[in-house]
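# Structure assessment
Below, each chain spelled out in residue letters.
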Amino acid sequence: MKRRGGFHERYGASPLHLLLLVCSFALALYAGIRLLKGDPLGVAIWFVGAALLHDLVLLPLYTLTDRAAQALTGVRRAPAGGTHRMPAVNYVRVPAFLSLLLLVVWYPLILRRVPGYHSATGLDPEVFLGRWLLLTAAFFAVSALCLLAATARRRPNRPHGESAAAEPD
């Protein structure tokens, strides 16, 4: 007699996954209700405008930028039966994404576009540009270290007497 599958077989994931999914939908619903309470037409116009700006301007722009980065790093598609290695361009994509994300979130402070910020919070707005630049440099430095570590792991170990010229093609 065959036993019916458990929760995981029927749902496809653990109960914790379902709980987290329900909680995230509840949080999104709460945020949406709070957001639309003030000016629903303004929010709808902003949302449609942001979607159009992203799809018509930003998506082609960062697609072209990514293709240029792939061409500069010499990324090629892996053969069908080949082993999967992370392309070197990902070591540029990740820190660039994190840096641009911070810039998008904090651009009014980074570019000093918030009048009265110091009087309202007591914090000096002059430090944000320098901190963002330091974080960006740190992101790229950590990414470069990760690339060096990955390159060192991939390099085959050679005995002391052998040179790279002695390898057959």
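Summarised in this report is the structure supplied together with it. Given the structure is predicted, the values throughout are model-derived calculations rather than measurements. (Residues numbered from 1 in each chain as written. Predicted model: local features only at pLDDT ≥ 70, side-chain atom pairs only at ≥ 80, totals over all residues. Heavy atoms only, no water.)

### A few points about the overall build of the protein
- Across its full length, the protein carries six helices and zero strands.
- Along its sequence from the N terminus, the protein presents helices and strands in the succession α-α-α-α-α-α.
- The buried share of the protein, taken over its 169 residues, is 10%.
- Of the roughly 14,400 Å² that the protein leaves accessible, carbon and sulfur atoms contribute 69%. (Helix = DSSP H or I, 4+ residues; strand = E, 2+ residues; numbered from the N terminus. Buried < 20%, exposed > 50% of the residue type's maximum accessible area, 1.4 Å probe, protein only. Areas by Shrake-Rupley, 256 points an atom, 1.4 Å probe, with all protein chains shown as cover.)

### Looking at unusual backbone geometry
- Phi is positive for Arg112, close to 55°, though the residue is something other than glycine.
- Relative to the helices and strands, Arg112 is located in the loop between helix H4 (90-110) and helix H5 (117-121).

### Focus: the pattern of salt bridges
- Evaluation of the coordinates by the stated rule reveals two salt bridges.
- The shortest N-O distance in the salt bridge between Asp66 and Arg93 comes to 2.6 Å. Here Asp66 is found in helix H3 (residues 40-73), whereas its partner Arg93 is found in helix H4, with 27 residues between them in sequence.
- With relative accessibility at 22%, the residue Asp66 sits in the partly exposed group.
- Of the charged contacts, one joins Arg112 and Glu126 as a salt bridge, the two residues approaching to 2.9 Å between their closest N and O atoms. Residue Arg112 is located in the loop between H4 and H5, and its partner Glu126 is located in the loop between H5 and helix H6 (128-154); the two are separated by 14 residues in the primary sequence.
- By relative accessible area, which is 45% here, Glu126 ends up partly exposed. (Salt bridge = Lys/Arg side-chain N within 4 Å of Asp/Glu carboxyl O.)

### Things to note about the packing of H4 against H6
- Direction vectors running N to C along H4 and H6 enclose 170°, while the axes themselves pass 9 Å from each other. Judged by the inter-axis angle, H4 sits roughly antiparallel to H6. Across from Tyr91, Val92, Pro95, Ala96, Leu98, Ser99, Leu102, Leu103, Leu109 and Ile110 in H4, the residues of H6 making contact are Phe128, Leu129, Trp132, Leu135, Thr136, Phe139, Phe140, Ser143, Cys146, Leu147 and Ala150.
- Class assignment of the residues belonging to the contact of H4 with H6 gives a composition of 18 nonpolar, three polar and no charged. (Axes fitted to C-alpha atoms, helices over the stretch in contact; angles between N-to-C directions. Parallel < 35°, antiparallel > 145°, perpendicular 65-115°, else oblique. Contact = heavy atoms within 4.5 Å. Nonpolar A, V, L, I, M, F, W, Y, C, P; charged D, E, K, R; others polar.)

### Section: H3
- In this model H3 runs 46 Å from its N-terminal to its C-terminal C-alpha over 34 residues, within 8% of the 50 Å that 1.5 Å per residue would give.
- The largest bend in H3 amounts to roughly 40° and is located at Leu58, with the proline Pro60 lying one to four residues further along.
- Just past H3, the residue Gly74 takes up positive phi, approximately 70°. (Expected span 1.5 Å × (residues − 1). Bend = angle between axes of the 7 residues up to and from the residue.)

### Notes on the side chain of Ser143
- Examined against the element boundaries, Ser143 turns out to sit in helix H6.
- Excluding residues that lie within four positions of it along the chain, Ser143 makes contacts with Tyr91, Val92 and Pro95.

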